[in-house]
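Survey of secondary and tertiary structure
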Amino acid sequence: MAPTVLGPNTDRRATDGPDTSSPGWGPLARYVLAATLARTSDGGAVVAIVLMVTSSGGSGWLAGALGACITAPHLMGPFVARSLDTARDGRTVIAAASLAHGTTLAAAVLLYPHAHPAVPAALLIVSGLFGPLLTGGISSRLPTIAGHGRQRQRRAQGWDVATYGISGTIGPTLVAAVSAWASPSTAALVLAAGCYIAAAVIRLLPHTPAPSAASDVPRPFRTLAGILASGPLRRTLYLTVTVAFSVAALPITAVSSTHTLGVSSSAAGLLTAAYGLGNLAGSVGVMIRPARAEADRLMTRLAATIALTLAVIVLAPTFTLAVTGYAAAGIANAYFFAATLAARNEYAPDNARGQMFVWVGALKITAGSAGTAAAGAIIGTSILLPLLSATALTLTSALLSRTERHHSG
């Protein structure tokens, strides 16, 4: 039998009642530190690997292949995530994943100059398998840490969005800085060390007992079937995947559009920086003033908003307006991401909560990679084609979700 899906009114963590069991700021601060460290390592590792290979004279093909070895296994995340829902202490699972990720990354880096490339490739694949537990897996711990009450939950989700934004910026920046100062190998070892610190901090998070017996926890494919059978979770999945695919075109478009905007190619960095800063600003906005709307409806509205910001970028006649569009897209995507976290928390059944987070997160990462590849493949036809396609796809998904929800009552 597919897992039962809890609605927003039956999950006590999603209510708007008073918070009578607040864990305080200490646990949330530790969560933010652990998540940022772990995700910085996960996000910066591929940059370090590529730089390590190319700086040592390796081919671009080998650099890309080894980089893919650590990113592609994220799709297998749902098949290792069941342990989050069956373990007596989920902190142990995530801490062990962080240690394993750091250890295999360090081993791959240290062995690369001395072994056949197949050896570090195998180690990086193992490292990548643990990546989803450092992204969606850690996020599945947040509901207990945040305490009861919808506003409290959503404010904490703003912090979670911020950890993704911060780590996505710090990771590559740290790798570049340490690589310039020492070497890419040293940068990768610094990232691995961050995993060890993250593991120690994760063990200091509040304990969350398993919500049900291991025998009651569904298998991965049954969990996916439960997602597809539930209207709110199904919409969470396809809206998340669509938006991730669409916004992945922005960096590619930023590089290619500078000529038409009458600026130098180096200005592409300002466009992507505007998106990143907008994303951080949006996460702060969620912390300060969390949305009160039902998560299902909120995702639809925000997906439509993202489509609007993409259209602004497509139609921008000047560089200034393009920068504004990128910043607006970043803000909207931060709010959207927070809404998807809320939906995963509020609609997921207790006995598959960890798997739900990882399933959606793994498919989101896969969609983002596919979106980047697709944008790179078609941008030679027309500079505007990737964003035009992304705008149409995102708007279509938003309309589909609205129509589907309307007809389901």
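In what follows, the structure referred to is the one given above.
Our subject in this report is the structure included herewith. Worth saying up front: this structure is predicted, and the values here are computed from it rather than measured.

**Things to note about the overall build of the protein chain**
- Helix and strand counts for the protein chain stand at 17 helices and zero strands.
- Its C-alpha atoms give the protein chain a radius of gyration of 21 Å, within 12% of the compact-globule value 22 Å for 409 residues.
- Across its three principal axes, the protein chain shows a C-alpha extent of roughly 55 × 50 × 40 Å.
- Long-range pairs, those at least 24 residues apart, make up 85% of the contacts in the protein chain with a sequence separation of at least 6.
- Only carbon and sulfur atoms are counted for the fraction: they give 69% of the accessible area of the protein chain, which is about 16600 Å².
- Of the charged side chains in the protein chain, 26 are positive and 13 negative; the average position of the first set lies 2 Å away from that of the second.

**Thoughts on the packing of helix H11 (residues 231–247) against helix H16 (residues 353–378)**
- The geometry of H11 relative to H16 is characterised by a closest axis approach of 7 Å and an angle of 30° between their N-to-C directions. Relative to H16, H11 is oriented roughly parallel. The chirality of how H11 crosses H16 is right-handed. From H11, Leu 233, Leu 237, Thr 240, Val 241, Ala 244 and Phe 245 reach across to H16, where they touch Met 356, Val 360, Leu 363, Lys 364, Ala 367, Gly 368, Ala 370, Gly 371 and Ala 374.
- Among the residues making up the contact of H11 with H16, the classes are represented as eleven nonpolar, three polar and one charged.

**Describing the packing of helix H4 (residues 90–111) against helix H5 (residues 118–134)**
- Direction vectors running N to C along H4 and H5 enclose 155°, while the axes themselves pass 8 Å from each other. When the axis of H4 is compared with that of H5, the two are roughly antiparallel. Our pair here, H4 against H5, has a crossing hand that is left-handed. Counting all contacts with H4, which are made through Val 93, Ile 94, Ala 97, Ser 98, Ala 100, His 101, Thr 104, Leu 105, Ala 107, Ala 108 and Leu 111, the residues of H5 involved are Val 119, Pro 120, Leu 123, Leu 124, Val 126, Ser 127, Phe 130, Gly 131, Leu 133 and Leu 134.
- Grouping the constituent residues of the contact of H4 with H5 by class yields 16 nonpolar, five polar and no charged.

**Digging into the environment of Gly 102**
- Mapping Gly 102 onto the fold places it in helix H4.
- For the pair Gly 102 and Ala 198, spaced 96 residues apart in sequence, the C-alpha to C-alpha distance is 10.0 Å.
- Contacts of Gly 102, omitting those with residues within four sequence positions, involve Ala 192, Cys 195 and Tyr 196.

Basis of the calculations
Residues numbered from 1 in each chain as written. Predicted model: local features only at pLDDT ≥ 70, side-chain atom pairs only at ≥ 80, totals over all residues. Heavy atoms only, no water. Helix = DSSP H or I, 4+ residues; strand = E, 2+ residues; numbered from the N terminus. Rg over C-alpha atoms; globule rule 2.2 N^0.38 Å. Contact = heavy atoms within 4.5 Å. Areas by Shrake-Rupley, 256 points an atom, 1.4 Å probe, with all protein chains shown as cover. Lys, Arg positive; Asp, Glu negative; His and termini not counted. Charge placed at Lys NZ, Arg CZ, Asp CG, Glu CD. Axes fitted to C-alpha atoms, helices over the stretch in contact; angles between N-to-C directions. Parallel < 35°, antiparallel > 145°, perpendicular 65-115°, else oblique. Left-handed = near helix turned anticlockwise from the far one by under 90°. Nonpolar A, V, L, I, M, F, W, Y, C, P; charged D, E, K, R; others polar.

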